[in-house]
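Architecture and fold: a report
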Amino acid sequence: MLEPYDHRAVEQKWQEKWEKEQVFRTPDPASGDDKLYVLDFFPYPSAYSLHVGHLLGYTGTDIVSRIARMQGKKVLHPMGWDAFGLPAENFAIKSGIHPAISTERNITEFKRQFGQTGISYDWSKEINASDPGYYKWTQWFF
């Protein structure tokens, strides 16, 4: 009799290996035409978790990124958080949690969920719009 397939163990094994070996980290793209920049829209971390609509949008770009890597391209596929503004403020009002705290918690949960899906983001290039090092340039621009 065959043993039941334990998908959780298999997924965890590969996700740990990918993380340990940094397989989705962008190699140094200093030269050549073998580069590809794949940018997804940054979600608002103004909810407790991702929903199926997020994954619907991100799956296509993940496929493009993976195919390009298999073809030898140096792929930059970052993720970030549109975490500064009205959605974060509204969520904080609704939940009664300070925006800095709720945003941090929600980003942590979103990243955990993205990790479970195995989407191939380069987390070393993560952007957070509520980070002062980021929004100071937005303020300077305006």
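As a reminder, the structure under discussion sits directly above these lines.
Residues numbered from 1 in each chain as written. Predicted model: local features only at pLDDT ≥ 70, side-chain atom pairs only at ≥ 80, totals over all residues. Heavy atoms only, no water.

Some words on the overall build of the protein chain
Condition: Helix and strand definitions follow DSSP, with helices as H or I runs of at least four residues and strands as E runs of at least two, each counted in order from the N terminus. Any residue under 20% of the maximum accessible area for its type is buried, any over 50% is exposed, and the rest in between are partly exposed; the area is computed with a 1.4 Å probe on protein chains only. Two residues form a contact once any of their heavy atoms are found within 4.5 Å. Under the convention used here, a 1.4 Å probe and the Shrake-Rupley method define accessible areas, while residue burial counts only the protein chains that appear. For the purpose of counting charges, residues Lys and Arg are taken to be positive, whereas Asp and Glu are taken to be negative. His and the chain ends are not included. Taken as the charge location is NZ of Lys, CZ of Arg, CG of Asp or CD of Glu.
What the protein chain contains, in helices and strands, is 5 helices and 4 strands. Across the protein chain, helices and strands are ordered from the amino to the carboxyl terminus as α-β-α-β-β-α-α-β-α. Counting only C-alpha atoms and orienting by the principal axes, one finds that the protein chain spans roughly 55 × 50 × 25 Å. Counting across all 142 residues of the protein chain, residues that qualify as buried make up 25%. Considering only intrachain contacts with a sequence separation of at least 6, the fraction spanning at least 24 residues in the protein chain is 79%. Element-wise, carbon and sulfur atoms account for 59% of the exposed surface of the protein chain, whose accessible area totals about 9900 Å². Distance between charge centres in the protein chain, computed from 16 positive and 18 negative side chains, equals 2 Å.

Regarding the nonpolar core
Put simply, the rule reads: The term nonpolar core refers to a set of buried residues drawn from Ala, Val, Leu, Ile, Met, Phe, Trp, Tyr and Cys, joined through side-chain atoms within 4.5 Å.
Grouped together as the largest cluster of nonpolar side chains are 10 residues: Leu50, Tyr58, Met79, Trp81, Ala83, Ile107, Phe110, Phe114, Ile119 and Tyr121. Among the elements that make up this core, the one with the highest residue count is helix H4 (residues 99-117) (3 residues). In this view, Trp81 contacts Phe42, Pro43, Pro45, Ile107, Phe110, Lys111, Phe114, Trp123, Glu126, Ile127, Asn128 and Ala129; residues no more than four positions away in its chain are not counted.

Details of the environment of Thr103
By the element assignment, Thr103 lies in helix H4. If sequence neighbours within four positions are ignored, Thr103 has contacts with Pro45, Ala83, Ala88 and Ser130.

Describing the pattern of salt bridges
The condition that has to hold: Salt-bridge detection follows one rule: a side-chain nitrogen of Lys or Arg within 4 Å of a carboxyl oxygen of Asp or Glu.
Tallied over the full model, the rule gives 5 salt bridges. Among the ionic pairs, Lys111 bridges to Glu126, the shortest N-O distance being 2.9 Å. Highlighted residues: Lys111 in helix H4 and Glu126 in the loop between H4 and strand E4 (127-128), separated in sequence by 15 residues. For Lys111, a relative accessible area of 31% translates into the label partly exposed. Here Glu126 falls in the partly exposed class, since its relative accessible area comes to 30%.

Observations regarding the side chain of Ser120
Put simply, the test is: Definition of a polar contact: a pair of N or O atoms within 3.5 Å, with one able to donate and the other able to accept a hydrogen when the atoms are protein atoms, and with sequence-neighbouring residues admitted only if both atoms are side-chain atoms.
Its location among the elements puts Ser120 in the loop between H4 and E4. A polar atom in the side chain of Ser120 sits 2.5 Å from the side chain of Asp62. One polar contact links Ser120 to Arg69, side chain to side chain, over a distance of 3.0 Å. The contacts of Ser120, once residues within four sequence positions are left out, are Phe24, Asp62, Ser65, Arg66, Arg69 and His77.

Thoughts on the packing of helix H3 (residues 86-95) against H4
How we decide: Axis definition: a line fitted to C-alpha atoms, over the contacting stretch in the case of helices. Angles run 0 to 180 degrees between N-to-C directions. Note on angle classes: values under 35 degrees are labelled roughly parallel, values over 145 roughly antiparallel, values of 65 to 115 roughly perpendicular, and the remainder oblique. Throughout this entry, Asp, Glu, Lys and Arg are counted as charged residues, while Ala, Val, Leu, Ile, Met, Phe, Trp, Tyr, Cys and Pro are counted as nonpolar. The remaining residues, Gly among them, count as polar.
Two numbers describe how H3 lies on H4: the axes approach to 9 Å, and their chain directions differ by 105°. When the axes of H3 and H4 are compared, the pair comes out roughly perpendicular. Of H4, the residues touching H3 (which contributes Ala88, Phe91 and Ala92) are Pro99, Ser102, Thr103 and Asn106. In terms of residue class, the contact of H3 with H4 is made up of 4 nonpolar, 3 polar and no charged.

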